[in-house]
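Structure assessment
Letter by letter, the chains look like this.
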Amino acid sequence: QVQLVESGGGKVQAGDSLRLSCAASGGTFSNYGMGWFRQAAGKEREFVASLSRNGYKTYYKLSVEGRFIISRDNAKNTVYLQMNSLKPEDTAVYYCAAVFTAAVTDAPTWEGEYNYWGQGTQVTVSS
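In this report, we go over the structure that sits alongside the text. (Residues numbered from 1 in each chain as written. Predicted model: local features only at pLDDT ≥ 70, side-chain atom pairs only at ≥ 80, totals over all residues. Heavy atoms only, no water.)

Here the focus is the packing of aromatic side chains. All chains considered together, the criterion is met by six aromatic pairs. Considering the side-chain rings of Phe37 and Phe47, the 5.7 Å spacing of their centres and the 75° angle between planes classify their relative orientation as edge-to-face. Taken together, the residues Phe37 in strand S4 (residues 32-39) and Phe47 in strand S5 (residues 46-51) connect sequence positions 10 residues apart. For the pair Phe37 and Phe47, one class covers both residues: buried. A ring pair is formed by Tyr114 and Trp117, whose centres lie 6.2 Å apart and whose planes are at 65°; its orientation type is edge-to-face. According to the relative accessible area criterion, Trp117 is partly exposed, its value standing at 26%. Ring pairing ties together the aromatic residues Phe37, Phe47, Tyr114 and Trp117, which thus form one cluster. For Arg45, the ring lying beneath its charged end belongs to Trp117, and the centroid distance is 3.7 Å. (Phe/Tyr/Trp six-rings, centres within 6.5 Å; stacked < 30°, edge-to-face > 60°. Helix = DSSP H or I, 4+ residues; strand = E, 2+ residues; numbered from the N terminus. Buried < 20%, exposed > 50% of the residue type's maximum accessible area, 1.4 Å probe, protein only. Lys NZ or Arg CZ within 6 Å of the ring centre and 35° of its normal.)

Printed below as a string of structure tokens:
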């Protein structure tokens, strides 16, 4: 089991950067693949980025690839989402998610794969 708490959201201007953090507790962090998802107002939740247990395998939503970077620090039980060159269309509530998996290279992109979710943190980007 694991509990997740996101932080780092806020209101920024287009072109600015933010780094979201997701602190995990209650489980062995290195046993979990991690993901970031987001949900804009009136829209379905969508995949943003994912990262394998070993920190080497990543996937990104096409529209954020090259701008966002997902990373993890297993010693700190924390996963990050560095968001650069933010655009108004990035405005959403961002959720951290974790999935227990035996494979160190797994980095699921489907939200149904994830077992645990944080409460979300709001990111608002103004043009």
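Glancing now at the side chain of Arg72. Assignment of secondary structure puts Arg72 in strand S7 (residues 68-73). The charged side chain of Arg72 is buried without a salt bridge, its nearest counter-charge being Asp73 at 8.3 Å. Polar contacts involving the side chain of Arg72 include one to the main-chain carbonyl oxygen of Phe29, which spans 2.9 Å. Separated by 2.7 Å, the side chains of Arg72 and Asn74 make a polar contact. Beyond its immediate chain neighbours, meaning those up to four positions away, Arg72 contacts Phe29, Ser30, Tyr32, Gly33, Met34, Leu51, Ser52, Arg53, Gly55, Thr78 and Val79. (Lys, Arg positive; Asp, Glu negative; His and termini not counted. Salt bridge = Lys/Arg side-chain N within 4 Å of Asp/Glu carboxyl O. Polar contact = N/O pair within 3.5 Å; in protein donor to acceptor, adjacent residues only side chain to side chain. Contact = heavy atoms within 4.5 Å.)

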